[in-house]
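Given next are the chains, with one letter for each unit.
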Amino acid sequence: TCLAKYGAKSALGAECIKEKIRETNILKYGSPFPRLYRYMYNNIKFDSSWELIFYLYWVDKDVKIEREPFPIEYVFNNTLHLYYPDFLVDGQLYEIKGDHFFEDGKMINPYDRSLDELSEAKYQCAIQHNVTFITSAEISFYRDYVLKTYGEEIINEHLIKM
């Protein structure tokens, strides 16, 4: 239905829907992609429930995990940028990203497509530093464990409004 109606696999993938979301966010919040909610656990902030779930899994397994352990420098358009991987787990770097951040094998910015090249540069930096990406297919393993162990309420208990 979405393919026929919007020319995309999902409504959120359709440019007309994304533009409407950006316009609404600018009017309501002054930014095209505001962060209205985050999650907090043990005084650590997480940008998404997926990040919280990933963290809870490793803490529960008693494996050392660090949130945004250190910056990695990369250059885009002759400007130095810093990329902070989401986690360092037992020596391995991880980045948690929803599928909507990827298109045709490249990383995009689904909220502002003018930033796609910057997103791809960040992605290439991550690849060069052997960062493992966790997307929807991979996060389900962690989500299933956390929800089975702690129940659905664990997510809402740590939700904070920005």
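Each remark here, short or long, concerns the structure printed above.
Below is a short write-up of the structure. Per chain, residue numbering runs from 1 following the sequence as it is written. Since the coordinates come from a predicted model, pLDDT governs what is reported: local features require at least 70, and pairs of side-chain atoms require 80 or more to be given and counted, while whole-chain, interface and lining totals use all residues. Where side-chain values are given, they derive from all heavy atoms of the structure, hydrogens and water being excluded.

## Topic: the overall build of the protein
Per the convention used, a helix needs a DSSP run of H or I reaching at least four residues, while a strand needs a run of E reaching at least two, with both numbered from the N terminus. Within the protein, the secondary structure is distributed over six helices and eleven strands. A 1.4 Å probe rolled over the protein chains alone gives each residue an accessible area, and that area as a share of the maximum for its type sets the label: buried under 20%, exposed over 50%, partly exposed in between. Evaluated residue by residue, the protein yields a buried proportion of 36% over its 162 residues. Between two residues, a contact is recorded if the distance between any of their heavy atoms is within 4.5 Å. Expressed as a percentage of contacts within the protein between residues at least 6 apart in sequence, the contacts between residues at least 24 apart total 49%. The method behind every accessible area is Shrake-Rupley, applied with a 1.4 Å probe, and residues are considered shielded solely by the protein chains displayed. Counting every atom, the protein has about 10,000 Å² of accessible surface; 51% of that belongs to carbon and sulfur.

## Quick word on the environment of Val146
Looking at where Val146 falls in the secondary structure, it is placed in helix H5 (residues 136–150). Note: C-alpha distance between Val146 and Asp60 (86 residues apart in sequence) is 9.0 Å. In contact with Val146, other than residues within four places in its own chain, are Ile53, Leu56, Tyr57, Gly151 and Ile154.

## Examining H5
Helical geometry: 3.6 residues make up each α-helical turn, so side chains three or four residues apart lie on a common side. A helix is expected to span 1.5 Å multiplied by its residue count minus one. In a regular helix each residue adds 1.5 Å, so 15 residues correspond to 21 Å; H5 covers 20 Å between its end C-alpha atoms and thus fits that length. Among the residues making up H5, those that are buried are Ile139, Tyr142, Val146 and Leu147. Contact partners of the buried residues in H5: helix H3 (49–60), strand S10 (132–134) and helix H6 (153–157).

## A closer look at the nonpolar core
To form a nonpolar core, buried Ala, Val, Leu, Ile, Met, Phe, Trp, Tyr and Cys residues must be joined to one another through side-chain atoms within 4.5 Å. Core analysis: the largest hydrophobic core is formed by 22 residues, its most contacted members being Phe54, Phe87 and Tyr142. Within the residue set of this core, elements represented by two or more residues are strand S1 (37–41), H3, strand S6 (87–89), strand S7 (92–96), H5 and H6. No other element matches the seven residues that H3 contributes to this core. Apart from residues lying up to four places away in sequence, Phe54 is in contact with Ile65, Phe87, Val89, Tyr94, Ile96, Ile134, Ile139 and Tyr142. Formed by 13 residues, the second largest nonpolar core is a distinct cluster that contains Tyr74, Phe76, Tyr83 and Phe133.

## Structural notes on the packing of aromatic side chains
Note on aromatic contacts: the rings of Phe and Tyr and the six-membered ring of Trp form a pair at centre separations within 6.5 Å, being stacked when their planes are under 30 degrees apart, edge-to-face when over 60 apart, and tilted otherwise. This model, assessed by the stated rule, comprises 18 aromatic pairs. With 4.9 Å between their ring centres and 85° between their planes, Tyr57 and Tyr142 make a pair best called edge-to-face. In this pair, Tyr57 sits in helix H3 while Tyr142 sits in helix H5, placing the two residues 85 residues apart along the sequence. The two residues Tyr57 and Tyr142 agree in class, both being buried. Relative to Tyr142, the ring of Phe141 has its centre 5.2 Å away and its plane inclined at 85°; by these criteria the two rings are edge-to-face. Ring pairs connect the aromatic residues Tyr41, Phe46, Phe54, Tyr55, Tyr57, Trp58, Phe87, Tyr94, Phe141, Tyr142 and Tyr145, which therefore count as one cluster. The rule for a charge over a ring is simple: NZ of Lys or CZ of Arg within 6 Å of the ring centre, and within 35 degrees of the ring normal. Looking at Arg67, its charged tip hangs above the ring of Phe87, at a distance of 5.4 Å from the centre.

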